[in-house]
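Understanding the architecture of this molecule
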Amino acid sequence: MTKKAKIFIAIDLQNLDQTKELIYKLSPKYCGIKVGKELFTVGGPKLIEWIQKKGFEIFLDLKFHDIPNTVRNACHAAANLGVSIINVHALGGIDMMKAGKDGIENSNFSPKLIGVTLLTSHDQNSLAEIGLHGSINEQILRLAKNIKTSGLDGIVCSAIDIVNIKKTLPNNFIYITPGIRLEHSLKDDQKRIMTPQEAIKAGSNILVIGRPITKSNNPEKTLLSIYNQIQ
Ligand code: C5P
């Protein structure tokens, strides 16, 4: 039997009315909400507060990547919004990730700080294109170790990579996995995908699911069906 994981729904919309309409159909009993760059850019802290008042936990997916001082201050500001999860790109380096952690420690709340290894839209070819020539597994392992060294709480990675990286990370690490699809044939722009059950079996604690729910004919029903499948 698979063990339980939490679902965060990626609402990658730029329209506040559509966002609210979608959120009204969901229940905080079954999911949290992931607010990314598109939505935060249009909705800002006011939207975060609106979603929190509906009872949802929030994963603020802004993937900070900048000089350490800027990331420290950005993480501090994000933590003070009262969200549950914040993230940074591991490609920003250890000093940058430590600064992010420091920013959170000096805030009024204690959200989890998560490092992003490689985007699940990358494959070997697209990595070579940006000058990363080792194997995809080597890159991910190196970044995962840096995330641990920086004292972060967990990582975002493809569920496919968990087996490989779990050996080198603490047991209580949080594994957040996007790139979830209900069927292997439905990939959109994701290249390295798993189904919800496969991801949980691999060790995922949090499933980030966007289009398979938000673009389905009945988001409410699709969410409930996934929730029931992974109990
Ligand atoms: O619609 P879909 O399920 O592909 O959405 C995946 C979400 O996870 C998007 O919001 C995307 O930005 C995010 N994400 C990702 N790969 C990562 C980190 C985050 O796809 N490595």
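Our subject in this report is the structure included herewith.

Rules used throughout
- Residue numbers here run from 1 along each chain, matching the order of that chain's written sequence.
- For a predicted model such as this one, the threshold for reporting local features is a pLDDT of at least 70, and the threshold for listing and counting side-chain atom pairs is 80 or more; totals across whole chains, interfaces and linings nevertheless cover every residue.
- Note: side-chain values were computed over all heavy atoms of the structure, leaving out hydrogens and water.
- For this purpose, a residue is taken to be near a molecule or strand whenever a single non-hydrogen atom of the residue falls within 4 Å of it.
- What qualifies as a polar contact is a pair of N or O atoms within 3.5 Å, subject to a donor-acceptor requirement within protein and to the restriction that residues adjacent in sequence count only when both atoms come from side chains.
- Accessible areas in this description were obtained via Shrake-Rupley with a 1.4 Å probe; residue shielding takes into account the shown protein chains only.
- Comment: elements are numbered from the N terminus, with helices defined as DSSP H or I runs of at least four residues and strands as E runs of at least two.
- Residue classes follow a fixed rule: Ala, Val, Leu, Ile, Met, Phe, Trp, Tyr, Cys and Pro count as nonpolar, while Asp, Glu, Lys and Arg count as charged, and any other residue, Gly among them, counts as polar.
- What makes a nonpolar core is a set of buried Ala, Val, Leu, Ile, Met, Phe, Trp, Tyr and Cys residues whose side-chain atoms join them at distances within 4.5 Å.
- Any residue under 20% of the maximum accessible area for its type is buried, any over 50% is exposed, and the rest in between are partly exposed; the area is computed with a 1.4 Å probe on protein chains only.
- The contact definition used throughout considers only heavy atoms, calling two residues in contact when any of these lie within 4.5 Å.
- Here the rule is simple: two strands pair whenever DSSP picks up at least two bridges between them.
- Look down the strands so they point away from you; if the path from the first strand over the helix to the second goes clockwise, the crossover is right-handed.
- Here a pair means two rings of Phe, Tyr or Trp (six-membered ring of Trp) with centres within 6.5 Å. Their orientation is stacked below 30 degrees between planes, edge-to-face above 60, and tilted elsewhere.
- Either the NZ atom of lysine or the CZ atom of arginine qualifies as a charge over a ring when it sits within 6 Å of the ring centre and within 35 degrees of the ring normal.

1. Topic: the site of the ligand
- Lining the immediate surroundings of the ligand are 16 residues, of which Asp12, Lys34, Thr120, Arg181 and Arg211 lie closest.
- A distance of 2.7 Å is found between an oxygen atom of the ligand and a side-chain nitrogen or oxygen belonging to Arg211.
- Protein contact buries 88% of the 470 Å² of open area that the ligand shows by itself.
- For the shell around the ligand, the elements supplying multiple residues, two or more each, are strand 8 (206-209) and helix 9 (211-214).
- Considering only residue class, the shell around the ligand consists of eight nonpolar, three polar and five charged.

2. Observations regarding the nonpolar core
- By size, the foremost hydrophobic cluster in this structure holds 62 residues, and its most contacted members are Ile7, Ile11, Ile51, Ile86 and Val88.
- Dropping the residues within four chain positions of it, Ile11 is found in contact with Thr19, Leu22, Ile23, Leu26, Ile33, Lys34 and Leu39.
- Counting residues in each nonpolar core, the second largest holds 11 residues, with Phe59, Val116, Val156 and Val208 among its members.

3. Things to note about the environment of Ile67
- Take Ile67: it is sitting in the loop between strand 3 (58-64) and helix 3 (68-79).
- Along the sequence, Ile67 and Ile213 sit 146 residues apart, while their C-alpha atoms lie 35 Å from each other.

4. Here we look at the pairing of strand 7 (residues 174-177)
- Side chains of strand 7 alternate between two faces, with Ile174 and Ile176 and Tyr175 and Thr177 buried alike.
- Alignment of strand 6 (residues 154-156) against strand 7, held across three bridges, turns out to be parallel. Residue pairing in the sheet places Ile155 in a bridge with Tyr175 of strand 7.
- One ladder, built from two bridges, connects strand 7 with strand 8; its direction is parallel. Directly across from Thr177, in strand 8, lies its bridge partner Leu207.
- At this point the chain moves from strand 7, through helix 8 (residues 196-202), to the parallel strand 8, and the crossover so formed is right-handed.

5. Focus: unusual backbone geometry
- Here Lys63, not a glycine, exhibits a phi torsion of approximately 40 degrees, which is positive.
- Inspection of the secondary structure assignment puts Lys63 in strand 3.

6. Quick notes on the packing of aromatic side chains
- Here the structure, examined in full by the defined rule, presents four aromatic pairs.
- With a centroid separation of 4.7 Å and an interplanar angle of 70 degrees, the aromatic rings of Tyr30 and Tyr227 are classed as edge-to-face. Taken together, the positions of Tyr30 in the loop between helix 1 (16-24) and strand 2 (32-36) and Tyr227 in helix 10 (residues 219-229) put the pair 197 residues apart, joining distant regions of the chain.
- On the accessibility criterion, Tyr30 (21% relative accessible area) is partly exposed.
- Since its relative accessible area comes to 17%, Tyr227 is described here as buried.
- Here Lys54 stacks its cationic end above the ring of Trp50, 4.5 Å away from the centre of that ring.

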